[in-house]
Amino acid sequence: MSDMIVITSEHIAGYKITETLGNVFGQTTRSRNIISDIGQGLKSIVGGEIKGYTRLQYDARQEAVNRMRDTAEQLGAHAIIMFRFDTTSGQLGESVAAYGTAVKIEKL
């Protein structure tokens, strides 16, 4: 369901929640290659945005959200409420978990 509503609040304006289906999650861990890591190390010496890592974070978040949406879709959800992210950066890369509550809704 590509038009699935994903929202950080517990209410969706113009809709009522008809059924709560439960928690849904999407997770991914992504890493950069060794050449990017060397470049990142050099960039950290002079300062500034590390664009490769910014892209890595963006891609990881998008993948986590897509997986969460897929899980909600499999449950028959129309929307995800109370949407949140958890992120962790470490030696293995960028880990992202997207989570929320899958619900069925109907227009008021």
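Our subject is the structure that appears above.
Not measured: the values here are computed from a predicted model. (Residues numbered from 1 in each chain as written. Predicted model: local features only at pLDDT ≥ 70, side-chain atom pairs only at ≥ 80, totals over all residues. Heavy atoms only, no water.)

As for the overall build of the protein
Let me state the cut-off plainly: Where helices and strands are cited, they refer to DSSP runs of H or I of at least four residues and of E of at least two residues respectively, numbered from the N terminus. Partly exposed describes any residue whose relative accessible area lies between the buried limit of under 20% and the exposed limit of over 50%, with all areas from a 1.4 Å probe on protein chains only and scaled to the type maximum. What makes two residues a contact is simply this: any of their non-hydrogen atoms within 4.5 Å. Residue burial considers only the protein chains on display, and all accessible areas are found by Shrake-Rupley using a 1.4 Å probe.
Across its full length, the protein carries 2 helices and 4 strands. Along the protein, helices (α) and strands (β) appear in the sequence β-β-α-α-β-β when read from the amino end. Among the 108 residues that make up the protein, the fraction classed as buried is 25%. Looking at the protein alone, contacts between residues at least 24 apart form 75% of all its contacts between residues at least 6 apart. With an accessible surface of roughly 7,000 Å², the protein has 50% of that area assigned to carbon and sulfur atoms.

Some thoughts on helix 2 (residues 51–75)
Formally: A helix's residues, less one, multiplied by 1.5 Å, set its expected span.
Here helix 2 is 25 residues long and its end C-alpha atoms lie 37 Å apart, about the 36 Å a rise of 1.5 Å per residue gives. Turning to helix 2, its buried residues are Leu56, Ala60, Ala64, Val65, Met68 and Ala72. Those residues of helix 2 that are buried are in contact with strand 1 (5–6), strand 2 (15–30), strand 3 (79–90) and strand 4 (93–107).

Quick notes on the nonpolar core
Just so we agree on the cut-off: The definition of a nonpolar core used throughout is a set of buried Ala, Val, Leu, Ile, Met, Phe, Trp, Tyr and Cys residues joined through side-chain atoms within 4.5 Å.
Counting 13 residues, the largest nonpolar core has Val24, Met68, Ala72, Ile80 and Ala98 as its most contacted members. Sorting the residues of this core by element identifies helix 2, strand 3 and strand 4 as the ones contributing at least two each. With 5 residues, helix 2 is the single largest residue contributor to this core. Ile12, Ala79, Ile81 and Ile105 belong to the second largest nonpolar core, which has 5 residues in total.

Function-wise, these values are silent; they only describe arrangement.
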